[in-house]
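Secondary and tertiary structure notes
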Amino acid sequence: MRITYRKSSPSFADMVFLCVLTFGVSLAQNSQAQPAPFGQPTGQPPFNPGIQPGTTPIPGQPFPGQPIPGQPIVPGQPAPGKMPQKVRPFELPPDFTPPRKNPAAANDGKELTTFDKLEKFRRAKRGEGGNSDFTNALKNGIATDPALIDRGVQMRVYKMTLHNNRRNLASIRGAIERETRNAAKFETNVQRTVQFREFYLTTMLKYLRELLSNHIAVRLNAVMIMSEMDITIDDKNKGLFRQAFTGTRQTFHEILQDVDQPVAVKIYAAMGLKRVLEVPDAALPKQDRYESAKVLAEQLKDASAHPWYQIRLLEALGSVGLLHFGSDQAFALKTLGAVMMDDARPPSVRAEAARRIGHVPLDNTVLADQLAYAYVQLAREMAAHFISDVTAEGRQDAYLRLYLAFRPVDEEARAEMIGVMTKLDERILAPSFKPKVESGYATALLLIKPILNHPEQPIPEDAVTKVDEWLATNKPGQLKLHPALPVLKINPLKKAPSPEPEPAVTIEGPFPAAGPSSVATPATP
């Protein structure tokens with residue numbers, strides 16, 4: 001009988017068996033012999049840090065590197081015969097302080113909807129109360145189905161809370177703002193246009209408020225939408241002009257007063273409140289304006305707040321549109337003057353406070369001569385600040401704000417009677433103060449003009465000297481901007497530090513013999 005052997009390739013099961021077998025043999029070999037340390041050739045005995053190479057252990061005695069029985073161990077000292085422990089760089093030092101936990105605004109935030117719900121609303125056919133029906137009702141200003149408007153607004157606002165949309169918040173916000181501008185676009189009746197837009201914006205505000213406790217990026221985009229809400233937009237055919245929606249005023253108050261809100265969110269809330277306060281008097285009662293002014297004044301008490309935030313608060317307070325309210329005389333001027341004369345605040349903040357005084361509707365009861373003195377004093381204090389800190393930025397910006405406190409540069413601001421000099425020219429302020437105000441204006445220009453025209457050059461010393469002389473000559477006994485206001489502190493002028501003399505340069509010899517010089521002698525002028 002002949003047996004024939006056929007040569008065939010191993011099957012997949014055979015290959016798996018060989019791999020398992022090879023791994024098992026290798027594991028058994030490794031368990032019998034200790035691996036060689038890193039850097040030591042194989043085939044040598046295992047390394048013991050307590051045994052020096054070439055030494056032989058003595059029977060009955062501990063190996064080097066082992067503690068001796070009965071020997072006391074001193075705390076903080078290595079055990080006898082024990083080698084000192086090495087410092088491990090990957091271990092934290094004993095005085096390590098872990099970083100603070102992320103604030104609530106940095107958390108992921110709760111998702112208020114799902115992608116499936118958004119898709120279901122978007123794909124709904126016409127007549128089923130979906131996105132197409134909402135868009136049609138929004139443009140035509142039809143509020144016959146309030147539930148449809150509510151559902152459509154909710155879907156758009158809640159879309160910002162999805163974690164996957166975190167990078168698309170700007171585009172989502174832009175789409176909401178575009179739809180808001182087109183709300184009631186095809187409505188021809190002005191009254192119905194305003195009514196529908198008020199209903200639509202009130203509904204949106206209801207859902208935007210829910211986002212103010214979400215992730216910081218979500219709440220920031222929410223307050224940005226609030227700050228741009230308009231009850232009417234520019235429409236020549238309807239005779240309408242852009243006007244802010246005053247229904248957001250209380251929400252802005254709550255944001256400003258919330259100590260847990262990030263400053264970035266508060267900045268946009270202050271900007272939105274400024275737009276609300278700029279509406280005509282018929283759209284916002286004086287009582288509401290006064291309440292907003294008190295909220296702004298309370299926030300401005302913190303001199304350590306971020307300068308951008310302080311400037312936005314000052315802009316809003318300057319737009320309050322009131323000088324007096326009942327028995328509270330010159331309430332806005334009181335806060336603005338205190339900020340202007342507070343030398344603990346940055347120069348840009350103080351200059352903005354001076355500028356916003358010119359936006360308040362002043363009258364002839366304001367002591368304009370002392371206001372001019374305060375402006376010149378501020379110009380001199382800013383000069384001392386920037387002279388002592390030659391690396392400080394914002395010098396030109398601060399002096400531009402101070403210039404605008406005297407006189408605006410555009411015709412629209414002049415038509416609105418903004419600026420102390422403009423109010424003086426229009427006899428809004430008492431004419432008896434005109435000589436002193438004009439003198440103070442000319443003196444302040446000695447510092448303002450060189451800095452605005454040549455910001456890279458140092459402040460002229462002769463201009464500083466002339467300003468000092470004017471301040472000493474015209475210093476009032478008490479600095480008050482209004483008879484009903486408290487006395488303002490006149491800060492002592494800080495002298496700029498004298499520059500240190502340059503060290504003398506000594507040139508050591510030997511020198512070449514005297515002879516004709518190869519350096520050309522400059523001609524005598």
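Calculation rules
- Residues numbered from 1 in each chain as written.
- Predicted model: local features only at pLDDT ≥ 70, side-chain atom pairs only at ≥ 80, totals over all residues.
- Heavy atoms only, no water.
- Helix = DSSP H or I, 4+ residues; strand = E, 2+ residues; numbered from the N terminus.
- Buried < 20%, exposed > 50% of the residue type's maximum accessible area, 1.4 Å probe, protein only.
- Contact = heavy atoms within 4.5 Å.
- Areas by Shrake-Rupley, 256 points an atom, 1.4 Å probe, with all protein chains shown as cover.
- Polar contact = N/O pair within 3.5 Å; in protein donor to acceptor, adjacent residues only side chain to side chain.
- Core = buried A, V, L, I, M, F, W, Y, C linked by side-chain atoms within 4.5 Å.
- pLDDT = per-residue confidence, 0-100.
- Salt bridge = Lys/Arg side-chain N within 4 Å of Asp/Glu carboxyl O.
- Phe/Tyr/Trp six-rings, centres within 6.5 Å; stacked < 30°, edge-to-face > 60°.
- Expected span 1.5 Å × (residues − 1).
- Axes fitted to C-alpha atoms, helices over the stretch in contact; angles between N-to-C directions.
- Parallel < 35°, antiparallel > 145°, perpendicular 65-115°, else oblique.
- Nonpolar A, V, L, I, M, F, W, Y, C, P; charged D, E, K, R; others polar.

**Digging into the overall build of the chain**
Looking only at helices and strands, the chain has 19 helices and two strands in total. Buried positions account for 39% of the 525 residues belonging to the chain. Residue pairs at least 24 apart in sequence account for 65% of intrachain contacts in the chain once pairs closer than 6 positions are excluded. Of the roughly 32700 Å² that the chain leaves accessible, carbon and sulfur atoms contribute 55%.

**Quick look at the environment of Tyr-375**
Take Tyr-375: it is sitting in helix H14 (residues 368–388). A polar contact of 2.7 Å, which involves the side chain of Tyr-375, links it to the backbone oxygen of Ala-354.

**Some remarks on helix H8 (residues 249–257)**
Residues of H8 that are buried include every one of Arg-249, Thr-251, Phe-252, His-253, Ile-255 and Leu-256, and no others. Residues of H8 that are buried sit in contact with helix H6 (190–208), helix H7 (216–227), helix H9 (263–277), helix H10 (286–299) and helix H11 (307–318).

**Some words on the nonpolar core**
Core analysis: the biggest nonpolar cluster contains 120 residues, and Tyr-200, Met-340 and Tyr-375 have the highest contact counts within it. With twelve residues, H14 is the single largest residue contributor to this core. In contact with Tyr-200, other than residues within four places in its own chain, are Phe-134, Leu-138, Ile-149, Val-153, Ile-176, Glu-179, Thr-180 and Ala-183.

**A short note on the confidence of the model for the chain**
Overall, the predicted model of the chain reaches an average pLDDT of 83, with 74% of residues at or above 70. Taken as a whole, residues 511–525 scores under 50 in pLDDT and shows zero contacts with residues more than four places along the chain or in a different chain.

**Regarding unusual backbone geometry**
Note on backbone geometry: most residues besides glycine have negative phi, and most peptide bonds are trans. Phi is positive for Ala-330, which is not a glycine, with a value near 50 degrees. Unusually for a residue other than glycine, Arg-427 sits at a positive phi of about 60 degrees.

**As for the pattern of salt bridges**
Under the counting rule described, the total for this entry stands at 26 salt bridges. With a shortest N-O distance of 2.7 Å, Arg-242 and Asp-230 are connected by a salt bridge. With Arg-242 in the loop between strand S1 (230–232) and strand S2 (243–244) and Asp-230 in strand S1, the pair connects residues that are twelve residues apart, well separated along the chain. Residue class for Arg-242 comes out partly exposed when judged on its relative accessible area of 45%. Judged by its relative accessible area of 6%, Asp-230 falls in the buried class. The salt bridge partner of Arg-407 is Asp-425, with a shortest N-O separation of 3.4 Å. Pair noted here: Arg-407 is in the loop between helix H15 (395–406) and helix H16 (411–415) and Asp-425 is in helix H17 (residues 420–425), with a separation of 18 residues, a long-range link. Residue class for Arg-407 comes out partly exposed when judged on its relative accessible area of 22%. One connected set of salt bridges, linked through shared partners, spans Glu-352, Arg-355, Arg-356, Asp-397 and Arg-401.

**Structural notes on the side chain of Gln-377**
Along the chain, Gln-377 falls in helix H14. Owing to a relative accessible area of 2%, Gln-377 belongs among the buried residues under this scheme. The contact partners of Gln-377, leaving out residues within four places of it in the chain, are Met-341, Leu-471, Ile-490, Asn-491 and Leu-493.

**Some details on the packing of aromatic side chains**
Taken as a whole and judged by the stated rule, the model has eight aromatic pairs. Here the aromatic rings of Tyr-373 and Trp-470 are separated by 5.9 Å at their centres, their planes lie at 25 degrees, and the arrangement is stacked. Here Trp-470 lies in helix H19 (residues 461–473) and Tyr-373 lies in helix H14, a separation of 97 residues in the sequence. Across the pair, exposure class does not vary: Tyr-373 and Trp-470 are buried alike.

**What about the environment of Ser-439?**
Among the secondary structure elements, Ser-439 is positioned in helix H18 (residues 434–453). On the basis of relative accessible area, Ser-439 is assigned to the partly exposed category, the value being 29%. For the pair Ser-439 and Tyr-373, spaced 66 residues apart in sequence, the C-alpha to C-alpha distance is 9.5 Å. There is a polar contact of 2.8 Å between the side chain of Ser-439 and the side chain of Trp-470.

**Considerations on the environment of Ala-484**
Tracing the sequence through the fold places Ala-484 in the segment after H19. The exposure class of Ala-484 is partly exposed, given its relative accessible area of 47%. Distance in space between the C-alpha atoms of Ala-484 and Gln-329 is 6.3 Å, their sequence separation being 155 residues.

**What to know about H11**
Along an α-helix, residues three or four positions apart point the same way, because every turn accommodates 3.6 residues. With twelve residues, H11 should cover 16 Å at 1.5 Å per step; its first-to-last C-alpha distance of 16 Å lies within 8% of that length. Counting buried residues in H11 gives nine out of twelve residues, a clear majority hidden from the surface. Looking only at H11, the buried set comprises Tyr-309, Gln-310, Ile-311, Leu-313, Leu-314, Glu-315, Ala-316, Leu-317 and Gly-318. Turning to H11, the residues buried within the fold contact H8, H9, H10, helix H12 (331–340), helix H13 (347–357) and H15.

**Here we look at the packing of helix H3 (residues 131–140) against helix H4 (residues 146–158)**
Contact geometry of H3 with H4 gives a least axis separation of 9 Å together with a crossing angle of 110 degrees. By the angle class used here, H3 and H4 are roughly perpendicular. The residues of H4 that touch H3, namely those facing Asn-131, Asp-133, Phe-134, Thr-135 and Ala-137, are Leu-148, Ile-149, Gly-152, Val-153 and Arg-156. When its residues are assigned to classes, the contact of H3 with H4 shows five nonpolar, three polar and two charged.

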